[in-house]
Amino acid sequence: MRAKSIISAIVLVSVLAVPAADVEACSRALWTTKAGQVFVGRTQDWTEKANSTLRKFPRGQERVSPIAENPLRWTSKYGSLVITGYDIGTHEGVNEQGLSAHLLFLAGDTDFGTRDPRRPGLNILQWVQYFLDNYATVAEAVEAMRTSDLQIVPVVLPNGRESMLHLSLEDKTGDSSVLEYTGGKLNLYHDRRFTVMTNEPTYDKQIENLKQYRSFGGDKPLPGERTPSDRFVRAAYYVNALPEPANRDVGAAYILSVMRNVSVPFGAADPDKPNVANTIFRTVIDLTGGRYFFESTFAPNVVWVDYDKLDFSEGSQELALAVESRIFSLNGNVTGQLEDAKPFVFGGSH
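Residues numbered from 1 in each chain as written. Predicted model: local features only at pLDDT ≥ 70, side-chain atom pairs only at ≥ 80, totals over all residues. Heavy atoms only, no water.

Description of the nonpolar core
So, step 1. Core analysis: the biggest nonpolar cluster contains 61 residues, and Trp-127, Phe-131 and Tyr-307 have the highest contact counts within it.
So, step 2. The element contributing the most residues to this core is helix H2 (residues 127–134), with 5 residues.
So, step 3. In contact with Phe-131, not counting residues within four places along its chain, are Asn-95, Leu-99, Ala-141, Met-145, Leu-167, Leu-169 and Leu-179.
So, step 4. The next biggest cluster of nonpolar side chains, apart from the first, holds 21 residues, and it includes Val-196, Phe-232, Leu-242 and Phe-293. (Core = buried A, V, L, I, M, F, W, Y, C linked by side-chain atoms within 4.5 Å. Buried < 20%, exposed > 50% of the residue type's maximum accessible area, 1.4 Å probe, protein only. Helix = DSSP H or I, 4+ residues; strand = E, 2+ residues; numbered from the N terminus. Contact = heavy atoms within 4.5 Å.)

Let's talk about the sheet that holds strand S2 (residues 38–45)
So, step 1. The sheet built from 7 strands is open, its strands ordered S14-S1-S2-S15-S16-S17-S19 with mixed pairing. Because the sheet does not close on itself, it has two edges, and the strands there are strand S14 (196–197) and strand S19 (332–333).
So, step 2. Across 7 bridges, the pairing between strand S1 (residues 26–32) and S2 is antiparallel. When the sheet's bridge partners are listed, Arg-28 is paired in S2 with Arg-42. (Pairing = 2+ DSSP bridges.)

Considerations on the sheet that holds strand S11 (residues 165–171)
So, step 1. If you walk across this open sheet you meet the 9 strands as S13-S12-S11-S8-S7-S6-S3-S18-S20, and the pairing is antiparallel. Two strands in the sheet have a free side with no partner beyond their single neighbour: strand S13 (185–190) and strand S20 (339–340).
So, step 2. Bridge analysis of strand S8 (residues 99–105) against S11 gives 7 bridges, and the strand direction is antiparallel. Paired with Ala-101 across the bridge in S11 is Leu-169.
So, step 3. Against the sheet, H2 contacts strand S3 (53–57), strand S6 (80–85), strand S7 (89–95), S8, S11 and strand S12 (176–182), and its axis sits at roughly 25 degrees relative to S7.
So, step 4. The sheet strands contacting helix H3 (residues 138–147) are S8, S11, S12 and S13, and the helix crosses S13 at an angle near 150 degrees. (Axes fitted to C-alpha atoms, helices over the stretch in contact; angles between N-to-C directions.)

Side note on the pattern of salt bridges
So, step 1. According to the stated counting rule, one finds 14 salt bridges in the structure shown.
So, step 2. A salt bridge links Arg-291 to Asp-249; the nearest nitrogen and oxygen atoms lie 3.0 Å apart. Within this pair, whereas Arg-291 is found in strand S16 (residues 291–296), its partner Asp-249 is found in helix H6 (residues 248–261), the two being separated by 42 residues in sequence.
So, step 3. Notably, a salt bridge pairs Arg-291 with Asp-306, separated by 2.6 Å at the nearest N-O pair. Separated by 15 residues along the polypeptide, Arg-291 in strand S16 and Asp-306 in strand S17 (residues 302–306) bring together distant segments of the chain.
So, step 4. Residues participating in the shared-partner salt-bridge network are Asp-249, Arg-291 and Asp-306. (Salt bridge = Lys/Arg side-chain N within 4 Å of Asp/Glu carboxyl O.)

Here we look at the pairing of S16
So, step 1. The buried count for S16 comes to 6 of 6 residues, which makes it a mostly enclosed element.
So, step 2. What you see with S16 is no split at all: Arg-291, Phe-293 and Glu-295 on one side and Tyr-292, Phe-294 and Ser-296 on the other are buried throughout.
So, step 3. For strand S15 (residues 279–286) and S16, the ladder comprises 6 bridges, and the chain directions are antiparallel. Considered in S16, the bridge of Arg-282 is made with Glu-295.
So, step 4. Counting the residues between successive antiparallel strands, the hairpin from S15 to S16 contains 4 residues, one of them, Gly-290, with a positive phi of roughly 70 degrees.
So, step 5. Pairing of S16 with S17, which is carried by 5 bridges, proceeds in the antiparallel orientation. Its bridge partner being in S17, Glu-295 is matched across the sheet by Val-302.

With respect to the packing of aromatic side chains
What characterises a pair of aromatic rings is the spacing of the ring centres plus the angle enclosed by the ring planes.
So, step 1. One pass over the structure, following the stated rule, counts 16 aromatic pairs.
So, step 2. Between the aromatic rings of Tyr-237 and Tyr-238, the centroid separation amounts to 5.1 Å while the plane-to-plane angle is 85 degrees, which identifies the pairing as edge-to-face.
So, step 3. Assessed through its relative accessible area of 27%, Tyr-237 is described here as partly exposed.
So, step 4. Seen in terms of ring centroids, Phe-281 and Phe-294 are 4.9 Å apart; in terms of plane orientation they differ by 35 degrees. Their pairing is tilted. Highlighted residues: Phe-281 in strand S15 and Phe-294 in strand S16, separated in sequence by 13 residues.
So, step 5. Exposure remark for Phe-281: the relative accessible area of 0% places this residue in the buried category.
So, step 6. What makes Phe-294 buried here is its relative accessible area of 1%.
So, step 7. Members of the aromatic cluster, connected to one another through ring pairs, are Trp-74, Tyr-130, Phe-131 and Tyr-135. (Phe/Tyr/Trp six-rings, centres within 6.5 Å; stacked < 30°, edge-to-face > 60°.)

Right, here's the structure in full:
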């Protein structure tokens, strides 16, 4: 894709909101190779560890959102492998059909609207899980959301921060979408050319900023700061520049190299700009190969789960691996180290 095509694709995404001063940042990049292999990478930038845990959920689970009035209810159609945080919710994952979802902070203009109990409420801690449970493709999820009456209900996270978030969807065909709420209404942007997602500033400003740089119409060299706008430019450039991989393992390494480039190293966080936080882990999902990689920045290890080999059948055991806390004892393929787990309670203990 040439620079002009990339800029045109970014325009399709419209506007993202500006994070407030108490928000953390992340980056997400989607890459489809010429051979049709699809990878999505993500950095998790945060001020603390959140007991991030890999969890396998089977099909057929009854869900009730932890909302006081008119909670959304559903039964999961698909099994999934996810990463939960603080033992209260899912913040990224992939289902057995190859649909994945990621939550990133998007504060400032984010507004889910005043709670209307006439509408079924979905706790934001289940937003990712809702999509993974119910839809096989991005197109299917987008079509459903265009007519859905569900209302996202935000919460205050255990560290005291508000859950002002937007969400990306990707699938194994390379399709992509972003969902965000402003003024209480859903803004839904759907195009497979939407490959890069960070945080501030608003997307129209990101577009104008991108045009200043080489390969995008301008003459500035690639920026090297930790800010979301600089990370956006670098991710857009380097994803476009990736060579064709020899195989899926090399492909995963290639996209991981991009995520490392847009990470915030230890000691580089900005105390005056809490939205610039250290990267605590990185993930890559090989959507066509059925493999989920996890790399903690607190250890030199990379681990992965072959989720296409997991048993997602209805009634099968929930499994878990506390990958963040156990990372020093883990390495390589940890599919067989997922252990039986108690049923996960969204929203924590009631």
